[in-house]
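# Survey of secondary and tertiary structure
These are the residues of each chain, in order.
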Amino acid sequence: MSLRTTTSAPVQVTSVTQRFADSPGPTPAQLLEFVRRTAADADLVSALPLDPEGRTWVRFEGPGGSEAWLIGWPPGTGTGWHDHGESIGAFTTATGELTENALAVRLPTKGWRSLELVGGVDRRRTLPRGASRAFGHHHVHEVLNESRTEHAVSVHAYYPPLPLMRRFSRTGSVLRLEEVEKPEDWQ
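These lines cover the structure that appears in this document, whether it is placed above or below. All values derive from a computational prediction rather than experimental measurement.

### Digging into helix H2 (residues 28-39)
Taking 1.5 Å of rise per residue, 12 residues should cover 16 Å, and H2 covers 16 Å from first to last C-alpha, within 8% of that figure. Restricting attention to buried positions, one finds in H2 the residues Leu31, Leu32, Phe34, Val35, Thr38 and Ala39. Mapping the buried residues of H2 onto a view down its axis gives an arc of 165°, with all of them on the same face. Projecting away from the buried face of H2 at angles above 90 degrees are the exposed residues Ala29 and Arg37. Of the surrounding elements, those touching the buried residues of H2 are helix H3 (42-47), strand S2 (56-61), strand S3 (67-73), strand S5 (88-95), strand S9 (132-135) and strand S11 (152-159).

Structural data, given as structure tokens:
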């Protein structure tokens, strides 16, 4: 394993995998197809109000009980390090360019507050207009609009609908769990 636990504290995480066990739902490939098709809808993408300073978003229904988000990214904005609970997902850049920094390692789902990452786990992708990304359970990443002048817009889909998001801070090789957000925190 590419992680070392440096401190430990219990974290409550509800297993959405168990909750949706009777419903197979869409696959990452199906979510990817959906976000690509949705991003190609120029009228929908251009209807998103863009704020010059903060991200904007609209939530809507995705395929097979998933949820989808259309997100506007002003220059210089990003998500910070986070995961999507136990949801799978996909996203595509509809306009502009985004950067994804991700960890190529599976984090423990509970029982830790701080982890030391071992070298070789960082992955960086540039996602220009039309580029897409699908991911499975336990994906940890941050998404950024590193442009100094251009907005970006992206489409995201998750299944099951996001039960929570864990937010992390990172200093060098140390990743710390900072907070656990629930849907009422961002809707």
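That was the structure; now back to the text.
### Some details on the side chain of histidine 82
With respect to the helices and strands, histidine 82 occurs in strand S4 (residues 81-82). Residue classification places histidine 82 among the buried residues on the basis of a relative accessible area of 3%. Polar contacts involving the side chain of histidine 82 include one to the main-chain carbonyl oxygen of glycine 80, which spans 3.0 Å. Histidine 82 has contacts with His139, Val140, His141, Glu142, Met165, Arg166, Arg167 and Phe168, leaving out every residue within four places of it along the chain.

### Quick word on unusual backbone geometry
Of the consecutive residues tyrosine 159 and proline 160, the connecting peptide bond is found in the cis state with omega at -10°. Positive phi values are uncommon outside glycine, yet histidine 138 reaches one of about 70°. Within the secondary structure layout, histidine 138 lies in the loop between S9 and strand S10 (141-144). The class for histidine 138 is buried, based on a relative accessible area of 15%.

Basis of the calculations
- Residues numbered from 1 in each chain as written.
- Predicted model: local features only at pLDDT ≥ 70, side-chain atom pairs only at ≥ 80, totals over all residues.
- Heavy atoms only, no water.
- Helix = DSSP H or I, 4+ residues; strand = E, 2+ residues; numbered from the N terminus.
- Expected span 1.5 Å × (residues − 1).
- Buried < 20%, exposed > 50% of the residue type's maximum accessible area, 1.4 Å probe, protein only.
- Arc of directions from axis to C-beta.
- Contact = heavy atoms within 4.5 Å.
- Polar contact = N/O pair within 3.5 Å; in protein donor to acceptor, adjacent residues only side chain to side chain.

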